[in-house]
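# Descriptive analysis of the structure
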Amino acid sequence: MTVLQENQNLFNWLSGIMYIYHLEKNVKKQKEISITRELGQFDSITQAIREAGYSYEYPILISRIVEANKIVSNELQIPIASPVYEYKKLRIVENRPRAIEHIFIDARNVEGIEKEDLRNQSLYEFLYAHFGLKVAKNEEEILVVRADEEESELLKIEANAEVMLIKGKSYMTKYKQPFEYFQITAIPGFFRYRSVNRK
């Protein structure tokens, strides 16, 4: 083997090591991407993503007016078949799908919203800017479930993999009854929760 061949082999070996290091670094970086939320307090996920310096995009999967089914009508305390705004988006952070958000709002409170372009922006910022609506509080239930076929495909995870399911209701300052019913399906570790004691 010539000196030139030995140098070439050494170069190839070093290149392989650097490539593996690059992959491991990227995987580690992806695993570290998370958003911290406080229990019992409403916080804007989009704002937290901005403050963390993460890139994001929000493709809209559904934006339409539908009739409330039994579950939605019970959660929003409205009659069955009442018009509700159905909103569903994929939350992509740092070029990777992280969560699916599915929301139902009494359509009478957000007239015309289905005609708006809500891509890549915070729904709650839009509601405040256009309707003067601001979240006063929310109630959440956190579960660990198995992803269905659609969720697995959207989140690019294995079929039947474990995901975090967050479901609950939001209350706006103008309304005493629930303003919104939501379900958020997220990959494990994207949301981290902490309890903060306030005197």
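Here, the structure is the one placed above.
This write-up is about the structure you can find in this document. (Residues numbered from 1 in each chain as written. Predicted model: local features only at pLDDT ≥ 70, side-chain atom pairs only at ≥ 80, totals over all residues. Heavy atoms only, no water.)

## Describing the pattern of salt bridges
Under the counting rule described, the total for this entry stands at 9 salt bridges. A salt bridge links Arg-146 to Glu-162; the nearest nitrogen and oxygen atoms lie 3.8 Å apart. Here Glu-162 lies in strand 7 (residues 162-172) and Arg-146 lies in strand 6 (residues 135-146), a separation of 16 residues in the sequence. (Salt bridge = Lys/Arg side-chain N within 4 Å of Asp/Glu carboxyl O. Helix = DSSP H or I, 4+ residues; strand = E, 2+ residues; numbered from the N terminus.)

## Some remarks on unusual backbone geometry
Phi at Gln-77 is positive, roughly 60°, even though this residue is not glycine. One non-glycine residue, Ala-81, lies in positive phi territory at about 75°. In this fold, Ala-81 is placed in the loop between helix 3 (70-76) and strand 4 (83-93).

## Re the environment of Ile-65
Structurally, the position occupied by Ile-65 is in strand 3 (residues 60-67). Between the C-alpha atoms of Ile-65 and Glu-114, which are 49 residues apart in sequence, the distance is 6.9 Å. Beyond its immediate sequence surroundings of up to four residues, Ile-65 is in contact with Pro-83, Val-84, Tyr-85, Ala-107 and Glu-114. (Contact = heavy atoms within 4.5 Å.)

## Notes on the packing of aromatic side chains
The final tally for this structure, using the stated rule, is 4 aromatic pairs. Taken together, a centroid distance of 6.3 Å and an interplanar angle of 65° make the contact between Phe-126 and Phe-131 edge-to-face. Residue Phe-126 is classed as buried on the basis of its relative accessible area, which comes to 4%. The ring of Phe-191 has Arg-37 sitting right over it, with the charged end atom 5.5 Å from the ring centre. (Phe/Tyr/Trp six-rings, centres within 6.5 Å; stacked < 30°, edge-to-face > 60°. Buried < 20%, exposed > 50% of the residue type's maximum accessible area, 1.4 Å probe, protein only. Lys NZ or Arg CZ within 6 Å of the ring centre and 35° of its normal.)

Everything listed here is a matter of geometry and, on its own, says nothing about what the molecule does.
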